[in-house]
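Breakdown of the fold
Given next are the chains, with one letter for each unit.
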Amino acid sequence: MKNFLKFDWIAIAVIFLLVAIGLTALYSVSTVEGVLNLNDFWKQSVALLLGAGLAVALAHLDYRVLNANSTKLYFIALALLTAVLLIGKRIRGAQAWIDLGYFHLEPVEIVKLVMIIFLASFLAKKKTELSMLWRVIGSIVLVFIPVFLIIKQPDFGSASVIVGIWGGMLVASGLNKKTIFVLLLIGIVGATSGWFFLKNYQKERIINFIEPANDPLGTGYNVIQSTIAVGSGGMFGKGLGHGSQSQLNFLPEKHTDFIFAVIAEELGLFGAALVLGLYVALLFRIRETARLARDNFGYLLCVGVIVMLFVQLFVNVGMNIGVVPVAGVPLSFLSYGGSSLLAILASMGLIQSVYMRRLKTLD
């Protein structure tokens, strides 16, 4: 009971509200051709219970234990990414899931959290052991391997999230402005030259993101329907279960990639603003935990989770309103996906672990 009083209950309340909104939206879109199908809803509920239990367990675990075992976790992550390429199930063109019967495990969601732990450990240790240049080079090599395996699935959205996590944590570890500028320049050149390595369907996504009307029934369809859904919600929405785009199945992937469009259509600008406000509140609470962290490892853990949440929020909401290409990045806490929910709740457990130990003296 004493440990429970040490939790950041403001953050927990925000997380509870976000998950509740996600489950409500998922229930709302569970009607398929006039028949209520709650299979996804119940799967998500089971994942929520498992994730909540995992979060509580990790909150009570001293997060510094992970510092000593980060290398082992890194190689487990590489093994999972290799396994999914060998025995994974292909869904919608991506070989990103391992079939576990009732559930499909998506290893990349676990890998995102593992990379935060590993990079926090690596950067915290190497800050005093290596020069800035070698710290950058070493982290690039270590991040390149999992990113390469993720791109092979292919999953460019998740790969971009991990690159974003790396960049944010690297900057937070103490890079000077000159190094940051050089890295940004290299990133711009790399992203530009990467166009020539994209497959045709990936190029079409980008082209039709700029002008969806070029292919309104093909690659531009998702963006068009999503923006219609967001715009049609008005101030207070059409009401739960009454969104025309989602209920009449015009909106694709409405329970995963485009859950924000469902919320905007059915709950309106008010509901969308509420969701964004909750994310801002959560990011500020994690930022406060980072400020109070007792060591660099805890601080960088918090930074990594902040970057992951922000990048996924920016990309997912951006593609829902047509300002970012569709990349298949989930909206944390809200999008359907057991692996994603488990991983994000586990990360919240780690943040609570850092928060609970913020006032103790170092051993």
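Attention here is on the structure that accompanies the text.

About the cut-offs
Residues numbered from 1 in each chain as written. Predicted model: local features only at pLDDT ≥ 70, side-chain atom pairs only at ≥ 80, totals over all residues. Heavy atoms only, no water. Axes fitted to C-alpha atoms, helices over the stretch in contact; angles between N-to-C directions. Helix = DSSP H or I, 4+ residues; strand = E, 2+ residues; numbered from the N terminus. Parallel < 35°, antiparallel > 145°, perpendicular 65-115°, else oblique. Left-handed = near helix turned anticlockwise from the far one by under 90°. Contact = heavy atoms within 4.5 Å. Nonpolar A, V, L, I, M, F, W, Y, C, P; charged D, E, K, R; others polar. Pairing = 2+ DSSP bridges. Phe/Tyr/Trp six-rings, centres within 6.5 Å; stacked < 30°, edge-to-face > 60°. Buried < 20%, exposed > 50% of the residue type's maximum accessible area, 1.4 Å probe, protein only. 1 Å grid on protein atoms, 1.4 Å probe; cavity = no way out; pocket = protein on both sides within 12 Å on 5 of 7 lines; lining within 4 Å. Points joined across faces, edges and corners; volume = space filled by probe spheres on them.

Here the focus is the packing of helix α10 (residues 221-232) against helix α12 (residues 259-292). A pair of packed helices can be characterised by two numbers: the angle between their axes and the separation between those axes. Interhelical geometry of α10 versus α12 gives an angle of 30 degrees and a closest axis separation of 6 Å. Between α10 and α12, the angle is such that the two are roughly parallel. Handedness of the crossing formed by α10 with α12: left-handed. Residues Ser-226, Ala-229, Val-230 and Ser-232 of α10 lie in contact with α12, whose contacting residues are Ala-261, Ala-264 and Glu-265. Among the residues making up the contact of α10 with α12, the classes are represented as 4 nonpolar, 2 polar and 1 charged.

Glancing now at the sheet that holds strand β4 (residues 94-99). Strand order in the open sheet formed by 3 strands is β3-β4-β5, and the pairing between neighbours is antiparallel. Strands with a single pairing partner mark the edges of an open sheet, and in this sheet they are β3 (89-91) and β5 (104-105). Relative to the sheet, helix α4 (residues 70-87) contacts β3 and β4, its axis offset from that of β4 by approximately 100 degrees.

Where helix α2 (residues 39-60) meets helix α14 (residues 338-356), the closest approach of the two axes is 7 Å, and the angle between their N-to-C directions is 20 degrees. Put simply, α2 runs roughly parallel to α14. For α2 against α14, the interelement crossing comes out right-handed. Two secondary-structure elements touch here, α2 through Gln-44, Ala-47, Leu-48, Leu-50, Gly-51, Ala-52, Leu-54, Ala-55, Leu-58 and Ala-59 and α14 through Gly-338, Leu-341, Leu-342, Leu-345, Ala-346, Gly-349, Leu-350, Gln-352, Ser-353 and Met-356. For the contact of α2 with α14, the per-class residue count stands at 14 nonpolar, 6 polar and no charged.

What follows concerns the packing of aromatic side chains. The relative placement of two aromatic rings is captured by the distance of their centres and the angle of their planes. Under the criterion given, the structure shown has 10 aromatic pairs. Their ring planes at 25 degrees and their centres at 6.3 Å tell us that Phe-118 and Phe-122 sit as a pair that is stacked. On the criterion of helical spacing, the pair formed by Phe-118 and Phe-122 is a turn pair, its members being 4 residues apart in helix α5 (residues 107-129). Exposure remark for Phe-118: the relative accessible area of 6% places this residue in the buried category. With relative accessibility at 12%, the residue Phe-122 sits in the buried group.

The buried count for β4 comes to 5 of 6 residues, which makes it a mostly enclosed element. Bridge count for β3 against β4 is 3 bridges, and the pairing is antiparallel. Note on β4: the bridge partner recorded for Arg-90 is Gln-95. Across 2 bridges, the pairing between β4 and β5 is antiparallel. Looking at the pairing, Asp-99 lines up with His-104 of β5. Counting the residues in the hairpin turn of β4 and β5 gives 4 residues, including Gly-101, whose phi is positive at 90 degrees.

Our next topic: the layout of surface pockets. Reported here for the second largest pocket is a volume of approximately 400 Å³. Residue lining of the second largest pocket: 19 residues in total, with Ile-12, Ile-15, Ala-52, Ala-55 and Leu-345 positioned closest to the centre. Those elements that place two or more of their residues in the lining of the second largest pocket are α1 (9-28), α2 and α14. Per-element accounting of the lining of the second largest pocket gives the leading share, 7 residues, to α1.

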